[in-house]
Amino acid sequence: MANSITLAERFLPILDGIYKKSSLTSRLDALDERVRFIGANKIEVFTTQMDGFGDYSRASGFPTGSVVSGWEPYQLSQDRGISLYVDAMDNEETMGMAFGTLQGEFIRTKEVPEVDAYRFAKLAGTANINVATPADITVGTTDCPALIDVAEMVLGDDEVPEEGRLLYVSEKFYAGIKAKITRTLHNENGVNREVETFNGMEVTRVPAGRFNTAITLNDGSSNFGYTVGGYPINFMIIDPTAVFSVLKHREPRLFAPAVNQSMDAWKFDLRLYHDIFVYGNKVKGIYLHRASTAN
């Protein structure tokens, strides 16, 4: 059992770093001081609401308003889990690399894409967000920068803060931006046509498998992971103050072959609670432009 604890101390800090590096939506994770856990899958979020102006009276003075602050409860809807095994001899023959590598590869190739895909799909399906007229993108023909300009106009009219907006784009839409912008930097290392920011918004490119209006989460009985559905997303603009996401790893369980009674193998159990939510008074902080042709 001591061996499994040593492995936990060695690998788990690395796993946390893998998530933060690979996730495209970790910028949307909730701030610790505004979220508190009250159970395994329940959280409370601190919210504040207040009244606006009224008429000042020279006779009675200021009108009396109110401020309501408190912790609003939410429940994480996604409860996912997996058990992974590595045969003891396979792990020994690779000097312990098989078990450690397996964990990292699972988070990078399975967990992180699913969490990103779920978050984008849930945000895209949220009621009353800003949704553009659907359209398929043709690189070199579609005026992608103009579509972003329209989105910014809509967000501006809805008084969504300009500072901090995040622009998520599909690879096709990103290519469409570059096709319409004649900006090239030449240096001794070569040519750079990357678009890292657009009108002050940080640009993040999202693979097609993570960027759709709907997904199906498979239950693990016959299929694992998730299946893409709905429509491809062309781009989303998100005000990070309008949403909060929570991802909680329950304590990973590591079993050495000596204590694993079912197999002569290292066993790694991981259970994950997570979800993403939109503040009810900030739904206009999300702008969606999707394709018109379904997946």
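Our subject is the structure that appears above.
Structure report, in brief. (Residues numbered from 1 in each chain as written. Predicted model: local features only at pLDDT ≥ 70, side-chain atom pairs only at ≥ 80, totals over all residues. Heavy atoms only, no water.)

1. Quick word on the overall build of the protein
- Per the secondary structure count, the protein includes five helices and 16 strands.
- Out of the 295 residues in the protein, the part that is buried amounts to 41%.
- A sequence separation of at least 24 residues applies to 75% of the contacts in the protein between residues at least 6 apart.
- Accessible surface, the protein: about 16,600 Å² in total, of which carbon and sulfur atoms supply 51%. (Helix = DSSP H or I, 4+ residues; strand = E, 2+ residues; numbered from the N terminus. Buried < 20%, exposed > 50% of the residue type's maximum accessible area, 1.4 Å probe, protein only. Contact = heavy atoms within 4.5 Å. Areas by Shrake-Rupley, 256 points an atom, 1.4 Å probe, with all protein chains shown as cover.)

2. Here we look at helix 4 (residues 144-157)
- For helix 4, built from 14 residues, the straight-helix expectation of 20 Å at 1.5 Å per residue is met to within 8% by its first-to-last C-alpha distance of 20 Å.
- Residues of helix 4 that are buried: Cys144, Pro145, Ile148, Ala151, Glu152 and Leu155. One side of helix 4 carries all its buried residues, which in axial view fall inside an arc of 115°. Along helix 4, exposed side chains directed more than 90 degrees from the buried face belong to Met153 and Asp157.
- Glu159 sits one or two positions beyond helix 4 and adopts a positive phi of about 60°. (Expected span 1.5 Å × (residues − 1). Arc of directions from axis to C-beta.)

3. A short note on the packing of aromatic side chains
- Scanning the entire structure with this criterion turns up six aromatic pairs.
- Linked through ring pairs, Phe120, Tyr168 and Phe211 together constitute an aromatic cluster.
- The ring of Tyr231 has Arg290 sitting right over it, with the charged end atom 3.8 Å from the ring centre. (Phe/Tyr/Trp six-rings, centres within 6.5 Å; stacked < 30°, edge-to-face > 60°. Lys NZ or Arg CZ within 6 Å of the ring centre and 35° of its normal.)

4. Some details on the pairing of strand 6 (residues 166-170)
- Across the five residues that make up strand 6, a large majority, five, are buried.
- Burial along strand 6 is two-sided: the residues Leu166, Tyr168 and Ser170 and Leu167 and Val169 are all buried.
- The pairing of strand 6 with strand 10 (residues 201-206) spans five bridges and is parallel. Counted as the bridge partner of Val169 is Arg205 from strand 10.
- Alignment of strand 6 against strand 12 (residues 226-238), held across four bridges, turns out to be antiparallel. (Pairing = 2+ DSSP bridges.)

5. Thoughts on the pattern of salt bridges
- For the structure on display, the rule yields eight salt bridges.
- Linking Lys122 and Asp275 is a salt bridge whose minimum nitrogen-to-oxygen distance equals 2.8 Å. Within this pair, whereas Lys122 is found in helix 3 (residues 97-124), its partner Asp275 is found in strand 15 (residues 265-278), the two being separated by 153 residues in sequence.
- Classification of Lys122 as partly exposed rests on a relative accessible area of 28%.
- Across the salt bridge formed by Glu194 and Arg205, the nearest N and O atoms sit 3.2 Å from each other. On the criterion of sequence distance, the pair formed by Glu194 in the loop between strand 8 (190-192) and strand 9 (197-198) and Arg205 in strand 10 is long-range, its members being 11 residues apart. (Salt bridge = Lys/Arg side-chain N within 4 Å of Asp/Glu carboxyl O.)

6. Considerations on the side chain of Glu114
- Considering the arrangement of structural elements, one finds Glu114 in helix 3.
- Classification of Glu114 as buried rests on a relative accessible area of 10%.
- One polar contact links Glu114 to Arg80, side chain to side chain, over a distance of 2.7 Å.
- Discounting residues that sit within four places of it in the chain, Glu114 has contacts with Arg80, Leu217, Gly225 and Tyr226. (Polar contact = N/O pair within 3.5 Å; in protein donor to acceptor, adjacent residues only side chain to side chain.)

7. Details of the nonpolar core
- Counting residues in each nonpolar core, the largest one holds 23 residues, and the members touching the most others are Leu28, Leu123, Tyr168, Met236 and Val243.
- Contributions of two or more residues to this core are made by helix 3, strand 6, strand 12, strand 15 and strand 16 (286-290).
- Those residues in contact with Leu28 that lie beyond four places of it in its chain are Leu123, Leu166, Tyr168, Ile238, Pro240, Val243, Phe244, Ser245 and Ile276.
- Grouped together as the second largest cluster of nonpolar side chains are 19 residues, Ala132, Leu155, Phe173 and Phe235 included. (Core = buried A, V, L, I, M, F, W, Y, C linked by side-chain atoms within 4.5 Å.)

8. Concerning the packing of helix 4 against helix 5 (residues 171-180)
- Orientation of helix 4 relative to helix 5, taken along the N-to-C sense of each, is 105°, at an axis distance of 7 Å. On the basis of the axis angle, helix 4 is roughly perpendicular to helix 5. Packed against helix 4, whose contacting residues are Cys144, Pro145, Leu147 and Ile148, the element helix 5 presents Phe173, Gly176, Ile177 and Lys180 at the interface.
- Class assignment of the residues belonging to the contact of helix 4 with helix 5 gives a composition of six nonpolar, one polar and one charged. (Axes fitted to C-alpha atoms, helices over the stretch in contact; angles between N-to-C directions. Parallel < 35°, antiparallel > 145°, perpendicular 65-115°, else oblique. Nonpolar A, V, L, I, M, F, W, Y, C, P; charged D, E, K, R; others polar.)

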